[in-house]
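Here are the chains, one letter per residue:
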2 protein chains.
Amino acid sequence: MRDAYHEELDSIGDSLVEMARLVGSAIGRATTAILDADLNLAESVIAGDQKIDDLQHDLEARAIALLARQQPVATDLRIVVTSLRMSADLERSGDLAKHVAKQARLRFPDSPVPRDLHATLLEMGQLAQRLMAKAAEVIITKDVDLALQLETDDDEMDLLHRTLFQHLMDDRWKHGVETAVDVTLLGRYYERFADHAVSVANRVVYLVTGEHADDIQTPGVPVEGV
Amino acid sequence: MRDAYHEELDSIGDSLVEMARLVGSAIGRATTAILDADLNLAESVIAGDQKIDDLQHDLEARAIALLARQQPVATDLRIVVTSLRMSADLERSGDLAKHVAKQARLRFPDSPVPRDLHATLLEMGQLAQRLMAKAAEVIITKDVDLALQLETDDDEMDLLHRTLFQHLMDDRWKHGVETAVDVTLLGRYYERFADHAVSVANRVVYLVTGEHADDIQTPGVPVEGV
């Protein structure tokens, strides 16, 4: 059996996973909302962000209470401080999902995204959701290899973002300036969302290894043999 | 004389002020760089961001060491945890200044901003710089009234941001899609920069009063008499 202290530490971890789950669901639904011009879905994402914010406030209060009461040192201290940072990343990711949903609401009953970019936006949304699901798994498993995979996924997101920009910058762009602005902002939201998911995973890497993810060899170049 | 512990706490505060100073200077120079298409200035902002990142890493390490060694409780604990968050806000603000500068570098020898929007962009840049200067002053003075002023300044930023969007959405927009994309991103960077400055000030308010800034009456409606 675990003592009350470690139970509290675990419950902070559980809250982080719950936040990541909610945020991943939010970006998935927000993506559907913009592509299908689904106002109800958009509203549900916008309203649901409050729960993510509440979870963060609650997590912060518990983390600070834990610091005050238990005065952890060494690894435990780093876990608590890192959890505070991860919760900030997740809260911000929730905001970004909300921004995507708000764009759907703003342009309803139209979609803010022109048809020929739906596939790219769908890929960005799905990738964002996968990144957050992996980040949640990294929090649970502390799997450093999986954490490093997120960097590769993030490269893919950058590629999709560049594809989007190529469309925007193409002389044949025929959707007008308003749509260009919408697509620019949406692209930015997904890119930032992915950054935060990577950041969450990297913070776990730092906790486990004491090294920043950038300094660790990526899975593409295995450190050990087969 | 102060003891070593409180000296260390003070030195963390000094680092925050130094970060805010650097970040405020960075957004000012980045704004000049985009308006004057000044490549050297843009490069100096981009290179200078490393120093801001280094300051943050150093501050974090000292804050965590302080938590481990001194195990502060109550107010002191809140100060250290809040300092960690403020440093994250400031580091991110530095990134945003760098993004502005990169936009200048990308479009050199042109300015990414069309002539008829220079005045608006200049106002946004100056306001961003003033917001950060006030945030630094709030860190130093713990002046709650001044902190609440930042909300008003931020409203002004939102107004400028809306002005920018009105230009973009105007049927008479004649600068093409590429420029629309640039201006959209720049507007977003300034808006986020302002948000972070407000966030820094609000965290000081919370430290001083134990209340969130939203729950405090604004200076426009004085709580006490004249």
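This structure is a prediction, so every number in the text was calculated from the model and none was measured.

A. View of the overall build of chain A. Each helix and strand counted, chain A has six helices and zero strands in total. Counting from the amino terminus, helix and strand elements in chain A follow one another as α-α-α-α-α-α. In terms of C-alpha radius of gyration, chain A reaches 19 Å, essentially the compact-globule figure of 17 Å for 226 residues. When the backbone C-alpha atoms are referred to their principal axes, chain A occupies close to 60 × 45 × 25 Å. Looking at the 226 residues of chain A, the share that counts as buried comes to 54%.

B. Structural detail: the interface of chain B and chain A. Taken together, the contact pairs 28 residues of chain B with 28 residues of chain A. A combined buried area of about 2,500 Å² lies between chain B and chain A, and 68% of that area is made up of carbon and sulfur atoms. Here chain B is connected to chain A by two salt bridges. Here arginine 85 of chain B makes a salt bridge to glutamate 60 of chain A, at a shortest N to O gap of 3.0 Å. Along the contact surface separating chain B from chain A lie three residue pairs in polar contact (both at pLDDT 80 or more).

C. Summary view of the nonpolar core. Membership of the largest hydrophobic core comes to 151 residues, with the highest contact counts inside it found for Ile34 and Tyr190 of chain A together with Ile34 and Tyr190 of chain B. For isoleucine 34 of chain B, the contacting residues outside a window of four places in its chain are Val100, Ala104, Ser111, Pro112, Val113, Leu121, Leu186 and Tyr190 of chain B.

D. Fine view of the relation of the copies chain B and chain A. When chain B is fitted to chain A, the residual RMSD is 0.0 Å, and the transformation amounts to a turn of 180° plus an axial shift of 0.0 Å. On this basis, the relationship between the two copies can be described by a two-fold rotation axis. With an isologous cut-off of 70% or more, the 100% of interface residues of chain B that recur at the interface of chain A puts this contact in the isologous class.

E. Here's a closer look at empty space enclosed by the protein. Per the stated rule, a full pass over the model turns up one cavity of 30 Å³ or more. Here the largest cavity defines a volume of roughly 50 Å³. The wall of the largest cavity is formed by Leu67, Gln71, Pro72 and Leu77 of chain A together with Leu67, Gln71, Pro72 and Leu77 of chain B. When its residues are assigned to classes, the lining of the largest cavity shows six nonpolar, two polar and no charged.

F. Representation of helix H4 (residues 118-141) of chain A. With 24 residues, H4 of chain A should reach 34 Å at 1.5 Å per residue; the first-to-last C-alpha distance of 34 Å fits that figure. Positioned one or two residues after H4 of chain A, lysine 142 of chain A has a phi angle of 55°, which is positive.

G. Seen up close, the packing of helix H5 (residues 144-169) of chain A against helix H6 (residues 176-209) of chain B. At a closest axis distance of 8 Å, the pairing of H5 of chain A and H6 of chain B adopts a crossing angle of 135°. Taken together, the axes of H5 of chain A and H6 of chain B are oblique relative to one another. Counting all contacts with H5 of chain A, which are made through Phe165, Leu168 and Met169 of chain A, the residues of H6 of chain B involved are Val177, Glu178, Val181 and Leu185 of chain B. When its residues are assigned to classes, the contact of H5 of chain A with H6 of chain B shows six nonpolar, no polar and one charged.

H. Quick peek at the UniProt feature "domain: PhoU" (unreviewed entry) in chain A. Residues and elements named next belong to chain A. Per the UniProt annotation, the sites labelled "domain: PhoU" (unreviewed entry) are residues 16-103 and 121-204. Helix makes up 94% of residues 16-103 and strand 0%, with an end-to-end C-alpha separation of 27 Å. Counting secondary structure, residues 121-204 comes out at 90% helix and 0% strand; the distance between its end C-alpha atoms is 29 Å.

I. Expanded view of the side chain of aspartate 153 of chain A. All names here are of chain A. Examined against the element boundaries, aspartate 153 turns out to sit in helix H5. Take aspartate 153: its relative accessible area is 10%, and that puts it in the buried class. Polar side-chain contacts of aspartate 153 include one of 2.8 Å to the side chain of lysine 134. Setting aside its immediate chain neighbours within four residues, aspartate 153 contacts Leu127, Leu131 and Lys134.

J. Expanded view of unusual backbone geometry. Residues and elements named next belong to chain A. In this model, phenylalanine 108 is joined to proline 109 through a cis peptide bond whose omega is 5°. For proline 109, the location among the structural elements is in the loop between helix H3 (74-107) and H4. Backbone geometry at alanine 74 places phi at a positive 50°, although glycine is not the residue there. We classify alanine 74 as exposed; its relative accessible area is 53%.

K. Geometry of the packing of helix H4 (residues 118-141) of chain B against helix H5 (residues 144-169) of chain B. Residue and element names in this part refer to chain B. Running from amino to carboxyl end, H4 crosses H5 at an angle of 165°, the nearest separation of the two axes being 10 Å. As judged from the angle between their axes, H4 and H5 are roughly antiparallel. For the pair H4 and H5, the sense of crossing is left-handed. Along the contact surface, H4 presents Thr120, Leu121, Glu123, Met124, Leu127, Ala128, Arg130, Leu131, Lys134, Ala135, Glu137 and Val138, while H5 presents Leu146, Ala147, Gln149, Leu150, Asp153, Asp154, Glu156, Met157, Leu160, His161, Thr163 and Leu164. The class makeup of the residues in the contact of H4 with H5 is 13 nonpolar, four polar and seven charged.

L. Spotlight on the side chain of histidine 118 of chain A. By the element assignment, histidine 118 of chain A lies in helix H4. In this view, histidine 118 of chain A contacts Leu35, Ser111 and Val113 of chain A; residues no more than four positions away in its chain are not counted.

M. Local environment of the packing of aromatic side chains. Scanning the entire structure with this criterion turns up zero aromatic pairs over all chains. Just above the ring of tyrosine 206 of chain A sits the side chain of arginine 78 of chain A; from NZ or CZ to the centre is 5.5 Å.

N. Representation of the confidence of the model for chain A in the model. When pLDDT is averaged along chain A, the result is 92; 95% of the residues meet or exceed 70. Here residues 219-226 of chain A is modelled with pLDDT under 50, and outside its nearest four sequence neighbours on either side it reaches three contacts, counting other chains as well.

O. Structural detail: H6 of chain B. Residues and elements named next belong to chain B. If you check H6, its first and last C-alpha atoms are 49 Å apart, about what 34 residues at 1.5 Å a residue would give, namely 50 Å. Burial within H6 is extensive, with 27 of its 34 residues counted as buried. Of the residues trailing H6, glycine 210 is marked for its positive phi of about 75°.

Conventions we followed
Residues numbered from 1 in each chain as written. Chains lettered and ligands numbered in written order. Predicted model: local features only at pLDDT ≥ 70, side-chain atom pairs only at ≥ 80, totals over all residues. Heavy atoms only, no water. Helix = DSSP H or I, 4+ residues; strand = E, 2+ residues; numbered from the N terminus. Rg over C-alpha atoms; globule rule 2.2 N^0.38 Å. Buried < 20%, exposed > 50% of the residue type's maximum accessible area, 1.4 Å probe, protein only. Contact = heavy atoms within 4.5 Å. Buried area = accessible area lost by both parts, 1.4 Å probe. Salt bridge = Lys/Arg side-chain N within 4 Å of Asp/Glu carboxyl O. Polar contact = N/O pair within 3.5 Å; in protein donor to acceptor, adjacent residues only side chain to side chain. Core = buried A, V, L, I, M, F, W, Y, C linked by side-chain atoms within 4.5 Å. Least-squares fit on C-alpha atoms with pLDDT ≥ 70 in both. 1 Å grid on protein atoms, 1.4 Å probe; cavity = no way out; pocket = protein on both sides within 12 Å on 5 of 7 lines; lining within 4 Å. Points joined across faces, edges and corners; volume = space filled by probe spheres on them. Nonpolar A, V, L, I, M, F, W, Y, C, P; charged D, E, K, R; others polar. Expected span 1.5 Å × (residues − 1). Axes fitted to C-alpha atoms, helices over the stretch in contact; angles between N-to-C directions. Parallel < 35°, antiparallel > 145°, perpendicular 65-115°, else oblique. UniProt positions renumbered as here; feature names shortened; annotations may be inferred. Left-handed = near helix turned anticlockwise from the far one by under 90°. Phe/Tyr/Trp six-rings, centres within 6.5 Å; stacked < 30°, edge-to-face > 60°. Lys NZ or Arg CZ within 6 Å of the ring centre and 35° of its normal. pLDDT = per-residue confidence, 0-100.

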